[in-house]
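Spelled out from the first residue to the last, the chains are:
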Amino acid sequence: MTLLLALVLAADPTVAGTVTTPYPTYENLSVEWAITGDDDLDSVVTVRYRAQGSSAWRVGLPLRRVPAGTAEGFSWTNKHSGSLFDLTPGTTWEIELTLTDPDGGSTTRTVMATTRQLPVPSGTAMTRRVTPSTIGAALTAANPGDVILLADGMYAPITVTRDGAAGSQHIWLKAENPQGAIVTGEVRLDGRAFWVVEGLRINAQVKFNNAHDIVVSRNVIQTAGSGVVAYDTTTGTAVFNITVIDNDVTGSTTFANATVGANGNNLGEGIELTGAGNVIAYNHVKGFRDCISTLEDGEAKNQTSIDIIGNDIEIGADDAIEADFSMGNMRILRNRIRNSFVGISGQSTLGGPAYSVRNVMFNVIYTPFKLHRGSVGDVALHNTVVKTGDGLGIYSGVAWQRAFFRNNVFIGGTGFGTYGGFGNGSGRVADLAQSGAGCSYDYDGFGSVGTGSFQGRIGATSFMTLAALRSGTTEAHAQQVDLSIFSSNITFPSSPFPEQAQVDLRLASASPAIDTGVALSGVNDGALGAAPDLGAYETGASLPTYGPRPLAMTATCGNHAREGGEGCDDGNTRSGDGCSAACALEGGAGGGTAGGGSAGGAVTAGGAATAGGAATAGGAVTAGGAVTAGGAAAGGAPTAGGTATAGGTAGGGADPMATGCGCTAPGAAWSLVVALLFFIRRQK
C-alpha cells in the first residue's frame, strides 16, 4: 500500500476540461482544450477532422501544449491549443481530439465548428445610387442590407452612424467603378457593425474603433499617416471579426538607414487592428513604420484567432508584420516580405501558439523573428529567409520559451553592420544565445554568404561546423545551404540599401534543401518527393498568390491556396487524403458553394460566399456536445474505475509537433491509481 500511495502521489494525470473553437475565420479554425494537472507536460492531443458529411478524415497538427503562464502583465491558462489550416469557408467541420497522458486522464472528444463566409448582398438589397452631393442623405437613411453605390467623383470625409446586421444584411459602401469614387479624407465607422467598404480610393485612413464585423475590400489607400486602423477603447471586447482583404495600402515612409528601427524617422501603421477573429489577407502594404500590426501592452485586447495571409509587404521600417501580444492561434501564413527592418515580430507572444508558416523574407535587416520581451509559444515552419548579417539572429536580451522551428531556411552573410542604431550580427548562420526552456529546433537549413564560415550558437552551445551543430544542439537533422539551392540566380545584397528588387526563392531541383524536411500533418501533406523540402516552396508547386487578387482568377490546383471554385487545396494533386486530385473535398462532403464570388472579394478568389452563415456577435463558438471515451464525464474528471481509453492515435505515427510522450492510454492499473488520486484530493 505504501508503494501504491507513492505511485499515486507521483502520478500527474490530466483532467480534461472544456473544448472550445473560438472565433472561426474563413479558412482556419482555432481549437482550445482547457485542462488541469499534467504538471510534467507530457500529455499530447492529436487531431483529425473532416467536413460534415464526409467519410474521409484528414490529420492535423497536434495541439500545442500551453502551460499556464504570465508575461508583460498578461496571463494565460493551462491548455492544449492549436489550429486547423486551409479549410473551406462556410463549412461545418467535425474535429476529433485524442488526449493521451501516460499518467492518466486520456480521453477522446469530438466537436463541431463552422468556418465563416464573406457577406454578399441579399437578392432583395436596396441599391442607393449616390453622388458627392447626395451621399450624406443616403448614409443617414441606410438600413441593413442596403448597397450605397458611389458614382465617380470627389467625396468629402465619410462618417457612418448606422449599423447593418448579420448574414446578408451588411450595409455596403461601394464604388460603382473601382477607384472611381475618391474620398479626400477619412472614412470613419467607429462603433459600427456589419459594413463593407469596397472599391474606393481613399486619401487618408479607414478607422473603426470599437467596431466589429467590418469588411474593407479592394480599396486603394494612400496616406501620410496610418491606413486601416481599429482600436478597442472599451473595458470589454468590442473589436472582432474584422476583414481587410485585397487592398493596396501605401504610406510615406522610405527605406534608408535614417528611417529604419524603433527610433527611425518612420511614420504610420499600414493595417493595425486589435481584437479577435480578424483576417488580413492578400493586401499590398508599403511604406510604414509597421506594415501590418496588432497592438501592444494595455492597448492589446483579446488578440486571438487572427489570420495574416498572402500579403505582399515592403518597407516595414520597423516591422513588416508586428504580431505582438498575440494571445493564441495567431496564423501568419504565406506572406512575402522584403526591404524591411524586422520580418515578423512576436514581442511578446503570450503562451501561443503563434504560427509563422511558409513566409518568404528577402533583405530583412535586423532579425526575421523578433522574439523579445519573454515571448512564449512561437512556431516557425517552412519559412525562407535571405538577409545580410546573421541568418537567424534573435537579440532579445531575455529568454524566449517553448519555440518550435522546423523546415526553415536561414541564409545570412556579408553586409552586416549597425543600422538604425541596431547591429545585425557578423554573418553567423544563427545567434540564439537567449533560447530558453522548452525550445526545439531541427530540420532547418543554415548558411552564410561571403563569410567563409559556418559559425553560430544556440543557447550555451557554440559551433563552427555542420557536424558540431548537429551533435551539440537539437538541430540533429540540419542542412548547410547557400544561394545555389535556389533555381534563380540570386545576387546577395552587399548592403540593405538601396531597396532590393523582388527575387524568386523557389528551390533548384537538386540541393541539400530537397527532401530533407520532416513531415508535419496538415502543413506539408503535399510533399512531392521522399520527404518535404525545406523553406517556403515545395519543388514543383506553383507560387502562391501575394497581394491583391484579380476579380476573375484562374484556379491552380496544388498551390496550397483555395482559388476559383476549388473546394480545397492541400498543396498536392493526389487523391485519397481528403482533398482530391482536382481540389474537391473527398468522401461525399459538400464544400463551399460554387461560382460567383462575393462582391467584397472572397478569401479564396472567385470562390463562393453565399448569404448568411456569418458569425454571430461575439464570434466565440463554443463546442458543444463533447463526446468522451471510457466513461469520462464531459468536461470533467474520469469517473472512478473508468478505463478512459484514447480511442487510437490519429495519423498513424509520431508527429514532431506532439510535444510529449506518444504513449498509449493507461491500462486498468493506472485507472486504479487515478481513482485513488481523486479520492485523496477529495479528502483535502
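Details of the structure are given in the entry above.
These numbers were taken from a predicted model, which means no experiment stands behind them.

One pass over the structure, following the stated rule, counts 16 aromatic pairs. An aromatic cluster is present here, built from F369, F405, F410, Y441 and F446 joined pairwise through their rings. Over the aromatic face of W57 sits the side chain of R48, whose NZ or CZ is 4.2 Å from the ring centroid. Looking at R406, its charged tip hangs above the ring of F404, at a distance of 4.1 Å from the centre.

Before going further, it helps to examine the pattern of salt bridges. Within this structure, the stated rule accounts for 25 salt bridges. We note a salt bridge from R129 to E176, for which the minimum N-O separation is 3.0 Å. Of the two residues, R129 sits in strand β11 (residues 127-130) while E176 sits in the loop between β15 (171-175) and β16 (181-183), which places them 47 residues apart along the sequence. For D246, the salt bridge identified is with R218, shortest N-O distance 3.4 Å. You can see D246 sitting in the loop between β24 (243-245) and β25 (248-250) and its partner R218 sitting in the loop between β21 (212-217) and β22 (220-222), a full 28 residues away along the chain. Overall, D246 belongs to the buried group, its relative accessible area being 3%. When salt bridges with common partners are traced through the structure, they connect D390, R428, D431 and R457 into a single cluster.

Put simply, the second largest pocket is a space of about 260 Å³. As for the second largest pocket, its lining consists of 22 residues, and the residues nearest its centre are R289, E296, D318, E322 and Q347. If you list the elements that add at least two residues to the lining of the second largest pocket, you get β26 (269-273), β28 (284-293), β30 (312-322), β32 (336-345) and β34 (360-370). Its residues assigned to classes, the lining of the second largest pocket shows seven nonpolar, four polar and eleven charged.

So, on to the sheet that holds strand β4 (residues 58-60). Reading across from one edge, β4-β3-β9-β10 is the order of the four strands in this open sheet, with antiparallel pairing throughout. Of all the strands in the sheet, the pair left with one neighbour each is β4 and β10 (107-114). Averaged over all pairs of adjacent strands, the angle between strand axes in this sheet comes to 25°, irrespective of strand direction. With three bridges connecting them, strand β3 (residues 44-51) and β4 associate as antiparallel partners. Pairing of V47 across the sheet is with G60, part of β4.

This part covers the side chain of N424. As for its position among the elements, N424 is in the loop between β41 (422-423) and β42 (430-432). Among the polar contacts listed, one links the side chain of N424 to the backbone oxygen of I365, at a separation of 3.1 Å. Within the structure, N424 has its side chain in polar contact with the backbone nitrogen of G417 (distance 3.0 Å). If we ignore the near neighbours within four places in the chain, the residues touching N424 are I365, Y366, K387, T388, G389, D390, Y395, G415, F416, G417 and Y419.

With that out of the way, let us pick up the nonpolar core. With 76 residues, the main nonpolar core has I148, L150, L173 and F208 as its most contacted residues. It is β28 that contributes the most residues to this core, four residues altogether. Once residues within four sequence positions are removed from consideration, L150 is found in contact with V130, I135, Y155, I158, L173, K174, A175, E176, A181 and L200. Core analysis: the next-biggest nonpolar cluster, separate from the first, contains 23 residues, L118, V147, W172 and V279 among them.

Let us now look at the side chain of N339. Residue placement: N339 occurs in strand β32. Taking relative accessible area as the criterion, N339 reaches 0% and is therefore assigned buried. Engagement of the side chain of N339 in a polar contact is seen with the side chain of N363, the distance being 2.9 Å. Of the polar contacts made by the side chain of N339, one reaches the backbone nitrogen of Q500; its length is 2.9 Å. Beyond its immediate chain neighbours, meaning those up to four positions away, N339 contacts F255, E314, I315, G316, F362, N363, E499 and Q500.

The strand order β37-β42-β45-β46 describes an open sheet built from four strands, whose pairing is mixed. Taken across any chain shown, the strands that pair with only one partner, and hence form the sheet edges, are β37 (392-393) and β46 (461-463). Looking at chain direction, strand β45 (residues 456-458) and β46 are connected through three bridges and run antiparallel. By the bridge assignment for β46, G456 is matched with F463.

This paragraph deals with the pairing of strand β33 (residues 350-357). Among the eight residues that make up β33, eight are buried, leaving the element largely enclosed by the rest of the structure. As paired strands, strand β31 (residues 330-333) and β33 are joined by four bridges and run parallel to one another. When the sheet's bridge partners are listed, R331 is paired in β33 with Y355. Bridging between β33 and strand β35 (residues 376-381) involves five bridges; their strand directions are parallel. Within β35, the position partnered with Y355 by the bridge is V379.

As for its position among the elements, A281 is in strand β27 (residues 279-281). Spatially, the C-alpha atom of A281 lies 6.6 Å from that of D246, the residues being 35 residues apart in sequence. Residue contacts for A281: discarding those within four places in its chain leaves V244, I245, D246, I309 and N311.

Looking now at unusual backbone geometry. Cis geometry is adopted by the peptide bond preceding S348, which originates at Q347 and carries an omega value of -5°. Locating S348 in the fold gives a position in the loop between β32 and β33. Although it is not a glycine, F194 sits at a positive phi angle of roughly 60°. In this structure, Y443 is a non-glycine residue whose phi angle is positive, near 60°. With respect to the helices and strands, Y443 occurs in the loop between β43 (440-442) and β44 (445-449). Given the relative accessible area of 18%, Y443 is considered buried.

What follows deals with the environment of T234. Relative to the elements of secondary structure, T234 occurs in the loop between β23 (228-230) and β24. Given a relative accessible area of 31%, T234 falls into the partly exposed group. When the C-alpha positions of T234 and K301 are compared, they lie 9.3 Å apart, and in sequence the two are 67 residues distant. Leaving out residues up to four positions away in the same chain, T234 has contacts with N210 and K301. Among the polar contacts listed, one links the side chain of T234 to the backbone nitrogen of G236, at a separation of 3.2 Å.

Cut-offs applied
Residues numbered from 1 in each chain as written. Predicted model: local features only at pLDDT ≥ 70, side-chain atom pairs only at ≥ 80, totals over all residues. Heavy atoms only, no water. Phe/Tyr/Trp six-rings, centres within 6.5 Å; stacked < 30°, edge-to-face > 60°. Lys NZ or Arg CZ within 6 Å of the ring centre and 35° of its normal. Salt bridge = Lys/Arg side-chain N within 4 Å of Asp/Glu carboxyl O. Helix = DSSP H or I, 4+ residues; strand = E, 2+ residues; numbered from the N terminus. Buried < 20%, exposed > 50% of the residue type's maximum accessible area, 1.4 Å probe, protein only. 1 Å grid on protein atoms, 1.4 Å probe; cavity = no way out; pocket = protein on both sides within 12 Å on 5 of 7 lines; lining within 4 Å. Points joined across faces, edges and corners; volume = space filled by probe spheres on them. Nonpolar A, V, L, I, M, F, W, Y, C, P; charged D, E, K, R; others polar. Pairing = 2+ DSSP bridges. Axes fitted to C-alpha atoms, helices over the stretch in contact; angles between N-to-C directions. Polar contact = N/O pair within 3.5 Å; in protein donor to acceptor, adjacent residues only side chain to side chain. Contact = heavy atoms within 4.5 Å. Core = buried A, V, L, I, M, F, W, Y, C linked by side-chain atoms within 4.5 Å.

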